[in-house]
Amino acid sequence: MDRRSLIKHAGIAGVLAAGVAPAVHAQAAIRWRLASSFPKSLDTIYGGAEVFAKAVKAMSGGKFEISVHAAGELMPAFGVVDGVQNGTVEMAHTVPYYFFGKNEAFAIGAAIPFGMNSRQMSAWMFEGNGRKLMNELYGQYNMVSFAGGNTGAQMGGWFRKEIKSPADIKGLKFRVGGFAGKVIERMGGVPQNIPGGEIYQALEKGTIDAAEWVGPYDDQKLGFNKVAPFYYYPGWWEGGPEVDFFINQKALDGLSSEYKAIIEAASSVAHVDMQAKYDARNPTALKQLVGAKTKVLPFPTTVLDASFTASMELYAELEGKNPMWKKIYSDYRAFQRDQVLWFRFAESRFDNYMQTKKL
């Protein structure tokens, strides 16, 4: 069995475990740079790029190396897409919704309020039209995307005061990632788009009243429980946010077919690895936060209902003025409707039952 056949039948994990590399001995050595939007302190989301780079190196027999650079090292956290588009770096690891200012449809590639959960998002991207449609958009910016992780459903963030009704959102200075700020704004809040590494200082100084990031493991690392007592859930704006690798089109086109295959395989390794780490580490972190007197509270249904209404109004407006949004969103929602139907019959029923039992 030749190496390509082994890779096909054994799978990437098996190949790596066996120490077998694809047939790249004749390939030229390549060195790329990857700009991340995340700080090194977050071994989960920043670490996704390191997992990717390690897999690329292993599968290429050390001939294809990618150096990973944290936010601020080569360019600001929110400057990485420009860096890829302009060819300053070959690739980036980031969350597409950070760049909705270029086109609101960027947000659909990560998460939109009341969107899909992580499994549904992966199904749309890998088996539906998601990757094709998103790359049609990203192609306008000289980029191609590959899956780069998912956090799973996120928490709703840290607040200095309780949120008892939609009225409590009015005037609230809330650090909220990307596109969700448009909904918060409609509800009377004041959204703030601040990189992860700068949130703690803003919350501590009172520059903002509330902030969300990901979930217990990352949030505990960033120390948010020290400066805000109320921890709300769920993050209705991030039911399953995908993190992506963006690669400069010219750089990707310059790769051999073998190296392109390695890129695709390594991205899948990193994609699965990220959520596995979050799912494994969040429970312990949440228990520790509760033990440290954090008040973990659900958003009132009235707040969720008001947020849902505001989100649907926003989407209807965008469908009328942004053709790319309409094209991608219509496919996304049609896929989600079927997913919600399926999950209701098996996944949700099973989960709801198990959550009532003592194990």
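Look above for the structure.
Everything quoted here is computed from the prediction, not taken from an experiment. (Residues numbered from 1 in each chain as written. Predicted model: local features only at pLDDT ≥ 70, side-chain atom pairs only at ≥ 80, totals over all residues. Heavy atoms only, no water.)

A.B. asks: So what exactly am I meant to see when it comes to the nonpolar core here?
C.D. replies: General note: in soluble globular proteins, nonpolar side chains tend to be found buried as a group. Formed by 108 residues in total, the largest nonpolar core has its most connected members in Trp32, Phe52, Ile66, Trp124 and Ile263. In terms of residue count, helix α10 (residues 257–291) provides more of this core than any other element does, nine residues in total. For tryptophan 124, the residues in contact, after removing those within four places along its chain, are Ile108, Met116, Asn129, Gly130, Arg131, Leu133, Met134, Ile328, Asp331, Tyr332 and Phe335. (Core = buried A, V, L, I, M, F, W, Y, C linked by side-chain atoms within 4.5 Å. Buried < 20%, exposed > 50% of the residue type's maximum accessible area, 1.4 Å probe, protein only. Helix = DSSP H or I, 4+ residues; strand = E, 2+ residues; numbered from the N terminus. Contact = heavy atoms within 4.5 Å.)

A.B. asks: Help me out: how do you make sense of the sheet that holds strand β5 (residues 157–159) in this one?
C.D. replies: One key point about sheets: their strands pair by backbone hydrogen bonds, in either a parallel or an antiparallel sense. Strand order in the open sheet formed by six strands is β7-β6-β8-β5-β9-β11, and the pairing between neighbours is mixed. Of all the strands in the sheet, the pair left with one neighbour each is β7 (190–192) and β11 (295–298). Direction of pairing for strand β9 (residues 230–233) relative to β11: parallel, over a ladder of four bridges. Its bridge partner lying in β11, tyrosine 232 is registered against leucine 297. (Pairing = 2+ DSSP bridges.)

A.B. asks: Quick question: what am I supposed to make of the pairing of strand β1 (residues 30–36) here?
C.D. replies: Consecutive residues of a regular strand have side chains that alternate between opposite faces of the sheet. Burial of β1 is extensive: five of the seven residues sit out of reach of the surface. As paired strands, β1 and strand β2 (residues 64–69) are joined by six bridges and run parallel to one another. Counterpart to isoleucine 30 in the pairing with β2 is phenylalanine 64. At this point the chain moves from β1, through helix α2 (residues 47–59), to the parallel β2, and the crossover so formed is right-handed. Judged from the three bridges that link them, β1 and strand β3 (residues 91–94) form a sheet pairing that is parallel. Residue pairing in the sheet places serine 36 in a bridge with histidine 93 of β3. (Right-handed = clockwise from strand over helix to strand, strands pointing away.)

A.B. asks: How do you make sense of the packing of α2 against α10 when you look at a structure like this?
C.D. replies: Each pair of packed helices can be described by the angle between their axes along with the distance between the axes. Viewed as axis vectors pointing N to C, α2 and α10 meet at an angle of 140°, and their least axial separation amounts to 8 Å. Read as a crossing pair, α2 and α10 show a hand that is right-handed. Two secondary-structure elements touch here, α2 through Gly48, Val51, Phe52, Ala55, Val56 and Met59 and α10 through Ile262, Ile263, Ala265, Ala266, Ser267, Val269, Ala270, Asp273, Met274 and Lys277. A per-class count over the contact of α2 with α10 returns twelve nonpolar, two polar and two charged. (Axes fitted to C-alpha atoms, helices over the stretch in contact; angles between N-to-C directions. Left-handed = near helix turned anticlockwise from the far one by under 90°. Nonpolar A, V, L, I, M, F, W, Y, C, P; charged D, E, K, R; others polar.)

A.B. asks: In this structure, what is going on with the sheet that holds β3? I would like to understand it.
C.D. replies: In spatial order, the strands read β2-β1-β3-β10-β4; together these five strands make up an open sheet with mixed pairing. Each edge of the open sheet is held by one strand with a lone partner, namely β2 and β4 (143–150). Between one strand axis and the next, the sheet turns through 25° on average, direction left out of account. As judged from the six bridges shared by β4 and strand β10 (residues 242–248), these two strands associate in the antiparallel manner. Bridge assignment links asparagine 150 to a residue of β10, and that residue is glutamate 242. Of the strands in this sheet, β1, β2, β3 and β10 are in contact with α2, which crosses β2 at around 165°. The sheet contacts of helix α5 (residues 130–138) involve β4 and β10, and relative to β4 the element is tilted by about 130°.

A.B. asks: For this particular structure, what's the right way to read the packing of aromatic side chains?
C.D. replies: What characterises a pair of aromatic rings is the spacing of the ring centres plus the angle enclosed by the ring planes. Taken as a whole, this structure holds 27 aromatic pairs when the rule is applied. Ring centres of phenylalanine 78 and tyrosine 98 lie 4.8 Å apart, and the angle between their planes is 55°; this geometry places the pair in the tilted category. Residue phenylalanine 78 is located in the loop between β2 and α3 (80–85), and its partner tyrosine 98 is located in the loop between β3 and α4 (118–126); the two are separated by 20 residues in the primary sequence. The exposure class of phenylalanine 78 is partly exposed, given its relative accessible area of 26%. Judged by its relative accessible area of 8%, tyrosine 98 is buried. Note on tryptophan 325 and tyrosine 329: the rings are 5.3 Å apart at their centroids and 20° apart in plane angle, and the pair reads as stacked. Separated by four residues within a single helix, tryptophan 325 and tyrosine 329 lie in helix α12 (residues 323–345), roughly one turn from each other. With respect to class, tryptophan 325 is no different from tyrosine 329; both count as buried. (Phe/Tyr/Trp six-rings, centres within 6.5 Å; stacked < 30°, edge-to-face > 60°.)

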